[in-house]
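Structural overview for review
So the chains spell out like this:
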Amino acid sequence: MSEIKNDYLWWQTGVVYQIYPRSFQDSNGDGIGDLQGILKRLDYLQWLGVDAVWISPIYPSPMADFGYDISDYIGIHPLFGSLDDFDRLIQEVHARKMKLILDLVPNHTSDQHPWFLESRSSRDNPKRDWYIWKNPRPDGGPPNNWLSVFGGSGWEWDEKTEQYYYHAFLKEQPDLNWRHPEVQQAMLNVMRFWLDRGVDGFRIDVMWHMIKDLQLRDNPVNPDYQNHMATYEQLLPVYSTDQPEVHEIVQKMRKLLDSYSDRMMIGEIYLPIQKLVTYYGIDGKGAHLPFNFQLISLPWEAKVIAAAIDQYEGALPANGWPNWVLGNHDQPRITSRVGIQQARVAAMLLLTLRGTPTIYYGDEIGMRDVPIPFQEVQDPQGLNMPDKNLSRDPARTPMQWDASLQAGFTEGKPWLRLDRAFQRTNVQLQKEDPYSMLLLYKRLIDLRHIEPSLTVGDYTPVCSDNQMLAFTRHAEGHPKFLIILNLSHRPCYFKPSTLTFTGTVVMATSPELEGSVVDENISLSGDEGVIIRITDTGL
Ligand code: GLC
């Protein structure tokens with residue numbers, strides 16, 4: 001490890017790994033993953049080389065949205081274990097020199113949270129204004145046209161107190177009123193509780209939703225809506241999300257984090273780049289890492305991806321640290337989007353770009369979206385819009401550890417069915433196979449850690465065309481790397497018009513290429529990527 005990296009923080013040099021706790025490892029045979037299970041697999045994560053683990057919500061919850069509907073922010077759901085298990089987990093994570101990031105869901109609570117139970121009990125309850133309550137329109141309809149992300153209206157009528165409350169997601173997930181100072185204080189206290197327990201950071205759920213237009217104006221119709229899209233997309237959520245005042249909230253959270261040493265905050269934000277980068281905050285006092293979902297959202301085409309990388313690099317504020325994500329628990333897996341061979345190229349892209357990479361559990365073994373029979377669908381997004389194939393279950397199936405019964409995930413019946421091919425695709429087999437996705441991931445992570453140019457070096461685009469893209473990474477005083485990725489299935493040529501150089505292939509998606517000495521005339525197979533250490537250069 002070179003000195004240059006001492007100038008950077010752990011969340012800049014590190015690789016983040018997302019665990020969806022229901023599906024990672026079960027320890028008690030109930031078919032649902034838990035904290036003891038995660039503990040059991042920490043050595044695996046350390047072997048893989050990841051530096052930080054982000055765990056999706058583990059708090060008490062009625063599980064209407066699988067933990068993103070929290071009924072107690074400072075406890076652990078008995079399904080996952082206890083606070084003692086949690087303390088043990090944090091200790092063991094730290095003992096392995098890794099960090100632990102918790103998921104915080106401040107935009108909404110469960111409708112079973114005591115705050116909401118109080119709030120809905122009467123119009124003059126002191127917590128009434130902790131949520132967003134409004135009178136009906138004169139015709140009795142909801143206060144405005146806002147829609148729920150999970151289908152239908154964003155407003156729910158409360159018979160007892162005769163007002164509507166707003167919920168951006170399920171009606172079981174009422175939105176908090178973040179304009180209320182007591183709500184702000186309550187959530188900052190929640191953050192304190194976990195920070196005091198040693199948590200290294202938070203991933204803030206739907207950060208861009210947290211404040212709504214004061215006048216609650218109607219959202220405009222989306223002129224580009226098409227029938228296959230989620231019903232939510234019928235409107236442009238210009239008044240229900242991304243309001244200017246949200247930045248004051250983010251700033252307050254940041255201030256709290258800064259009062260502890262070495263903590264960080266990731267923001268979940270689905271917005272265009274120019275908007276996304278505002279979440280770094282004025283003078284960088286916002287989110288440390290506003291999640292950059294371009295590799296998830298954009299078509300997998302070389303020119304599009306190349307332009308997006310440059311657009312992002314160009315839009316970053318001074319000192320804003322980049323980050324990249326290929327998948328998460330809300331999106332189809334990368335293998336199912338681009339194919340298993342191309343997913344290897346995607347892994348190489350994720351782990352050679354400048355900025356913190358986040359890996360979704362299972363992607364490192366090339367897990368794919370698992371077909372879940374209609375009658376087994378559990379995700380509310382899938383259930384509420386059954387004709388749109390929007391269920392997120394396929395990307396949330398149990399981790400495939402080995403070829404034993406239930407893939408080593410559980411001794412019981414898994415809560416969601418396993419990929420039927422798990423006997424061919426699992427950690428144990430891939431650990432022994434030099435051509436496996438797992439070893440590709442591990443070697444990419446190792447190389448990224450060893451080479452300062454790949455950890456923190458500059459990014460410079462070299463060229464791109466309809467098939468391939470190429471860029472260099474370089475840290476002053478260290479070897480420079482050229483990365484060439486063929487995003488198509490057909491062979492392609494890298495033949496930049498003006499460059500001359502020689503170099504050595506240090507890693508390739510086809511290990512056969514490794515060690516070969518190359519110059520500027522390179523041809524790649526379909527779905528191939530190479531990392532070249534430049535030895536002599538016009539680059
Ligand atoms: C975020 C989570 C998603 C959840 C939603 C509502 O987008 O990632 O899983 O359903 O917020 O909390």
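What counts, and where the lines are drawn
- Residues numbered from 1 in each chain as written.
- Predicted model: local features only at pLDDT ≥ 70, side-chain atom pairs only at ≥ 80, totals over all residues.
- Heavy atoms only, no water.
- Helix = DSSP H or I, 4+ residues; strand = E, 2+ residues; numbered from the N terminus.
- Expected span 1.5 Å × (residues − 1).
- Buried < 20%, exposed > 50% of the residue type's maximum accessible area, 1.4 Å probe, protein only.
- Pairing = 2+ DSSP bridges.
- Axes fitted to C-alpha atoms, helices over the stretch in contact; angles between N-to-C directions.
- Contact = heavy atoms within 4.5 Å.
- Near = heavy atom within 4 Å.
- Polar contact = N/O pair within 3.5 Å; in protein donor to acceptor, adjacent residues only side chain to side chain.
- Phe/Tyr/Trp six-rings, centres within 6.5 Å; stacked < 30°, edge-to-face > 60°.
- 1 Å grid on protein atoms, 1.4 Å probe; cavity = no way out; pocket = protein on both sides within 12 Å on 5 of 7 lines; lining within 4 Å.
- Points joined across faces, edges and corners; volume = space filled by probe spheres on them.
- Nonpolar A, V, L, I, M, F, W, Y, C, P; charged D, E, K, R; others polar.
- UniProt positions renumbered as here; feature names shortened; annotations may be inferred.

Thoughts on helix α10 (residues 302–315)
The α-helix advances 3.6 residues per turn, and as a result positions three or four apart in sequence lie on the same side. In this model α10 runs 20 Å from its N-terminal to its C-terminal C-alpha over 14 residues, within 8% of the 20 Å that 1.5 Å per residue would give. Along α10, the residues classified as buried are Ala302, Ile305, Ala306, Ala308, Ile309, Tyr312, Glu313 and Ala315.

Quick word on the sheet that holds strand β12 (residues 458–464)
Taken together, the six strands give an open sheet; going across it, the order is β12-β13-β14-β19-β16-β17, and neighbouring strands pair in antiparallel fashion. The sheet is open, and its two edges are formed by β12 and β17 (517–519), each paired on a single side. Pairs of neighbouring strands in the sheet enclose a mean axial angle of 30°, with direction left out of account. The sheet contact formed by strand β14 (residues 481–486) and strand β19 (residues 529–537) spans five bridges and is antiparallel. Counterpart to isoleucine 483 in the pairing with β19 is isoleucine 531. Packed on one face of the sheet, helix α12 (residues 340–350) meets β13 (468–474), β14, β16 (501–508) and β19 and runs near 155° to β14. Of the strands in this sheet, β13, β16 and β19 touch helix α15 (residues 437–450), which is tilted by about 130° from β16.

Some points on the site of the ligand
Around the ligand, 14 residues are found, and the nearest of them are Asp65, His108, Asp205, Glu268 and Asp330. Glutamate 268 has a polar side-chain atom sitting 2.8 Å from an oxygen atom of the ligand.

Description of the packing of aromatic side chains
For the coordinates displayed, the defined rule picks out 29 aromatic pairs. Aromatic pair tyrosine 360 and tyrosine 361: ring centres 4.8 Å apart, planes at 75°, arrangement edge-to-face. Classification of tyrosine 360 as buried rests on a relative accessible area of 1%. By the ring-pair criterion, three or more aromatic residues cluster together here, those being Tyr17, Phe24, Tyr44, Trp47, Tyr360, Tyr361 and Trp401.

Some remarks on empty space enclosed by the protein
Scanning the entire structure with this criterion turns up two cavities of 30 Å³ or more. Size it by volume and the largest cavity reaches roughly 40 Å³. As for the largest cavity, its lining consists of Tyr20, Pro21, Arg22, Ser56, Pro57, Phe66, Tyr68 and Phe80. Each residue belonging to the lining of the largest cavity can be placed in one class, and the counts come to six nonpolar, one polar and one charged. In this structure, the second largest cavity occupies an estimated 30 Å³ of space. Looking at the lining of the second largest cavity, the element that brings in the most residues is α15, giving three residues. The class makeup of the residues in the lining of the second largest cavity is six nonpolar, one polar and two charged.

Here's the deal with the UniProt feature "domain: Glycosyl hydrolase family 13 catalytic" (unreviewed entry) in the protein chain
The positions that UniProt labels "domain: Glycosyl hydrolase family 13 catalytic" (unreviewed entry) are, in the present scheme, residues 18–396. Each end of residues 18–396 is marked by a C-alpha atom, and these two atoms are 12 Å apart; helix forms 28% of the span and strand 11%.

A few points about the pairing of β12
Bridging between β12 and β13 involves six bridges; their strand directions are antiparallel. Paired with tyrosine 459 across the strands is arginine 473, a residue of β13. The loop that links β12 with its antiparallel partner β13 comprises three residues.

Some remarks on the side chain of threonine 109
As for its placement among the helices and strands, threonine 109 is situated in the loop between β3 (99–104) and α5 (114–121). Residue classification places threonine 109 among the buried residues on the basis of a relative accessible area of 0%. There is a polar contact of 2.8 Å between the side chain of threonine 109 and the side chain of tyrosine 131. When residues no more than four places from it in sequence are discounted, the contact partners of threonine 109 are Ile70, Tyr73, Trp115, Phe116, Tyr131, Glu172, Gln173, Pro174 and Leu176.

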